[in-house]
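Below, each chain spelled out in residue letters.
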Amino acid sequence: METTDAFVGLTCVDCGETFDAEAATHRCPDCDGILDPTYDYDRVGLTPETLDARPDGSMWRYDELLPFPAETAVSLGEGATPLVECPGLADAMGVGRVLLKDEGANPTGTFKDRGQAAAMTAAREHGASEVALNSAGNAGQAAAAYAARADLDAHVFLPSRAGFTQKAMTEVHGADLTVTDPVDGSSQIGDAGAAYADAMADNPEWYSTKTFVTPYRHEGKKTMALELLAQLDWEAPEAVVYPTGGGVGLVGMHKAAREARELGWTDELVPMYAAQAAGCAPVVRAYESGADRHEPLADDEVDTACNGIAIPDPGASHLILEAVRESDGGAVATTDREILDAAVDVARTEGLEVGATCAAAVSGAFALAESGEFGPDDTVVLLNTGAGNKDVDALRAHLGEREAAAAERDGV
């Protein structure tokens, strides 16, 4: 494998053992815990000043803090997404600034591209020929695109509730798509996970790029925080509100904030806030109860139209909860109506297209502001993890319901 100078291996977050990245490809060989890329920070030849002299071409601008050098990366130009001022939202929220980090600008329209770029690079470096994962939707589409770029065959398992765009583009990119659909109705992410597990058992040579099975998905996504801090001249905002399902991006961003502090680039951690839909909020429940891990929800307990965060059993909830607590952040849940209203309001107030799922960050931030969590001089960053056109049917249907309700109230 060709790796960067500072990358020293993979450390298990559970047992603490460190393994050579050529030998350990996925979960911990000793305890099956999550492996995390580890670095010798004394060997990171990078400073904010050297970064200022680099172009903003992609997330590989930060390759000294990634396992693989830019020249070996499987890349479609992911990263370098805009941080957009939202003065209307700031006024309505009663804070100093609201900024939206728009991950919808990535090649397949979501932040999932960052994780799949790193994971597919690892797969190619390990000599894989076929990759596989289950997904709620966007990661499957991203995996199909990056597998095509890497000349790998991809096997993607999606629940029937995944969006049409994600299903269609997964096939357009040439992946082998399995949509799971049980007899009793629309399938959930757990059904896709079960089908994926069965297929992996039958095809052990497949290389997994599944969340927190590969060590590299969260590593790619940590570049969101590195970009954000660079865009803010290395001054940490008072809050980052993140739409949270599996929490891979939130965990990755918190890791990057810790690295930036370790390297002396920032003085403070970035306070991370997990935003979920009230109809599927296992992380929020765990946070509010003081628990270290979530209690899984049954599939029939999931009651939200927000597909991307309809994750009833997030496997790394302990890392999400550790991140929000260590960073002095928090967790919040809002209703589907509040989330979808927020997506429409952002489109009409700021002109920005926010995914229906991603708007949980917007409605969550308003709920936090109303509870007194933010002050009048605070800078609040909202993570739009995906483009609005990913959820166009949900947004248009909600808009129609909202307009019909307004007309009924007005007696039209």
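Residues numbered from 1 in each chain as written. Predicted model: local features only at pLDDT ≥ 70, side-chain atom pairs only at ≥ 80, totals over all residues. Heavy atoms only, no water.

### Details of the packing of aromatic side chains
As enumerated under the stated definition, the model contains seven aromatic pairs in all. Residues Trp234 and Trp265 carry aromatic rings whose centres are separated by 5.1 Å and whose planes lie at 70 degrees to one another, so their mutual orientation is edge-to-face. Of this pair, Trp234 sits in the loop between helix 8 (223–231) and strand 10 (239–243) while Trp265 is found in the loop between helix 9 (248–262) and strand 11 (272–277), placing the two residues 31 residues apart along the sequence. With a relative accessible area of 10%, Trp234 lands in the buried category. The exposure class of Trp265 is buried, given its relative accessible area of 9%. Three or more aromatic residues joined by ring pairs make a cluster, and in this case those are Phe7, Tyr39 and Tyr41. (Phe/Tyr/Trp six-rings, centres within 6.5 Å; stacked < 30°, edge-to-face > 60°. Helix = DSSP H or I, 4+ residues; strand = E, 2+ residues; numbered from the N terminus. Buried < 20%, exposed > 50% of the residue type's maximum accessible area, 1.4 Å probe, protein only.)

### Observations regarding the environment of Glu338
Mapped onto the elements, Glu338 comes out in helix 12 (residues 336–349). A C-alpha to C-alpha distance of 9.6 Å links Glu338 and Ala367, two positions 29 residues apart in sequence.

### Details of empty space enclosed by the protein
The tally for this structure, following the rule as stated, stands at one cavity of 30 Å³ or more. The computed volume of the largest cavity comes to approximately 30 Å³. Taken together, Ala136, Pro159, Arg161, Gln188, Ile189, Asn307 and Ala310 form the lining of the largest cavity. Of the residues contributing to the lining of the largest cavity, the split by class is four nonpolar, two polar and one charged. (1 Å grid on protein atoms, 1.4 Å probe; cavity = no way out; pocket = protein on both sides within 12 Å on 5 of 7 lines; lining within 4 Å. Points joined across faces, edges and corners; volume = space filled by probe spheres on them. Nonpolar A, V, L, I, M, F, W, Y, C, P; charged D, E, K, R; others polar.)

### Some remarks on the sheet that holds strand 5 (residues 97–102)
Taken in spatial order, the six strands make up an open sheet running 4-5-13-10-11-12, and their pairing is mixed. Of all strands in the sheet, those with a lone pairing partner are strand 4 (83–85) and strand 12 (330–334), marking the two edges. Between one strand axis and the next, the sheet turns by 25 degrees as a mean value, whatever way the strands run. (Pairing = 2+ DSSP bridges. Axes fitted to C-alpha atoms, helices over the stretch in contact; angles between N-to-C directions.)

### Notes on the domain arrangement of the protein chain
Split into domains, the protein chain comes out as domain 1 (83–109 + 215–399) and domain 2 (129–205). Here domain 1 and domain 2 have C-alpha centroids that lie 25 Å from each other. Each side of the interface is counted separately: domain 1 has 15 residues, and domain 2 has 16 residues. Summing both sides of the interface, domain 1 and domain 2 together bury roughly 1100 Å²; the carbon and sulfur share of this comes to 46%. On the surface where domain 1 and domain 2 come into contact, there are zero salt bridges. Counting every contact that joins domain 1 to domain 2 gives four residue pairs in polar contact (both at pLDDT 80 or more). Residues of the side of domain 1 that touches domain 2, tallied by class, amount to seven nonpolar, five polar and three charged. (Domains from an automatic or database assignment. Contact = heavy atoms within 4.5 Å. Buried area = accessible area lost by both parts, 1.4 Å probe. Salt bridge = Lys/Arg side-chain N within 4 Å of Asp/Glu carboxyl O. Polar contact = N/O pair within 3.5 Å; in protein donor to acceptor, adjacent residues only side chain to side chain.)

### Thoughts on the side chain of His398
With respect to the secondary-structure elements, His398 resides in helix 14 (residues 392–409). A residue is classified by how much of its surface remains accessible, and His398, at 5% relative accessible area, is buried. Apart from the residues lying within four places of it in its own chain, the contact partners of His398 are Arg337, Leu340, Asp341 and Val344.

### Things to note about a negative patch on the surface
The grouping of Glu49, Asp52, Asp233, Glu235, Asp267 and Glu268 at the surface amounts to a negative patch. By the secondary structure assignment, Asp233 is in the loop between helix 8 and strand 10. (Patch = residues over 30% accessible without salt bridge, like charges linked within 9 Å, V, L, I, M, F, W, Y side chains within 5 Å. Areas by Shrake-Rupley, 256 points an atom, 1.4 Å probe, with all protein chains shown as cover. Lys, Arg positive; Asp, Glu negative; His and termini not counted. Charge placed at Lys NZ, Arg CZ, Asp CG, Glu CD.)

### A short note on the pattern of salt bridges
Within this structure, the stated rule accounts for 13 salt bridges. Where Lys222 meets Glu219, a salt bridge forms, and the shortest distance between an N and an O atom there is 2.7 Å. Between Glu219 and Lys255 there is a salt bridge, and its shortest N-O distance comes to 2.8 Å. Taken together, the residues Glu219 in helix 7 (residues 217–221) and Lys255 in helix 9 connect sequence positions 36 residues apart. The class of Glu219 is buried, set by a relative accessible area of 0%. Put simply, Asp36, Glu219, Lys222, Lys255 and Glu259 are held in one network by salt bridges that share partners.

### So, the packing of helix 12 against helix 14
Where helix 12 contacts helix 14, the axes come no closer than 10 Å and their chain directions differ by 95 degrees. In terms of orientation, helix 12 lies roughly perpendicular with respect to helix 14. Contacts between helix 12 and helix 14 involve Arg337, Leu340, Asp341, Ala343, Val344, Asp345 and Arg348 on the former and, on the latter, Leu395, His398, Leu399, Arg402 and Glu403. Its residues placed into classes, the contact of helix 12 with helix 14 shows five nonpolar, one polar and six charged. (Parallel < 35°, antiparallel > 145°, perpendicular 65-115°, else oblique.)

### Things to note about helix 12
Side chains three or four residues apart in an α-helix point the same way, a direct result of the helix having 3.6 residues per turn. A rise of 1.5 Å per residue sets the reference length of helix 12, with its 14 residues, at 20 Å; its end C-alpha atoms lie 20 Å apart and thus fit the reference within 8%. Looking at helix 12, one finds that the buried residues are Asp336, Ile339, Leu340, Ala342, Ala343, Val344 and Val346. Packing partners of the buried residues in helix 12 comprise helix 2 (87–93), strand 11, strand 12, helix 13 (360–370) and helix 14. At the C-terminal side of helix 12, Gly351 shows a positive phi close to 80 degrees. (Expected span 1.5 Å × (residues − 1).)

### A few points about the environment of Met120
With respect to the helices and strands, Met120 occurs in helix 3 (residues 112–125). For the pair Met120 and Ser371, spaced 251 residues apart in sequence, the C-alpha to C-alpha distance is 42 Å. In contact with Met120, not counting residues within four places along its chain, are Val74, Val131, Ala143, Tyr146, Ala147, Leu152 and Thr209.

### Here's the deal with the nonpolar core
Counting 84 residues, the largest nonpolar core has Tyr216 and Met253 as its most contacted members. Both domains that furnish three or more residues to this core are identified here as domain 1 (83–109 + 215–399) and domain 2 (129–205). Each residue touching Met253, except ones within four places of it in the same chain, is listed here: Lys221, Lys222, Met224, Ala225, Leu228, Val240, Tyr242, Met272 and Leu383. Residues Val332, Ala365, Phe374 and Leu395 belong to the second largest nonpolar core, which totals 35 residues. (Core = buried A, V, L, I, M, F, W, Y, C linked by side-chain atoms within 4.5 Å.)

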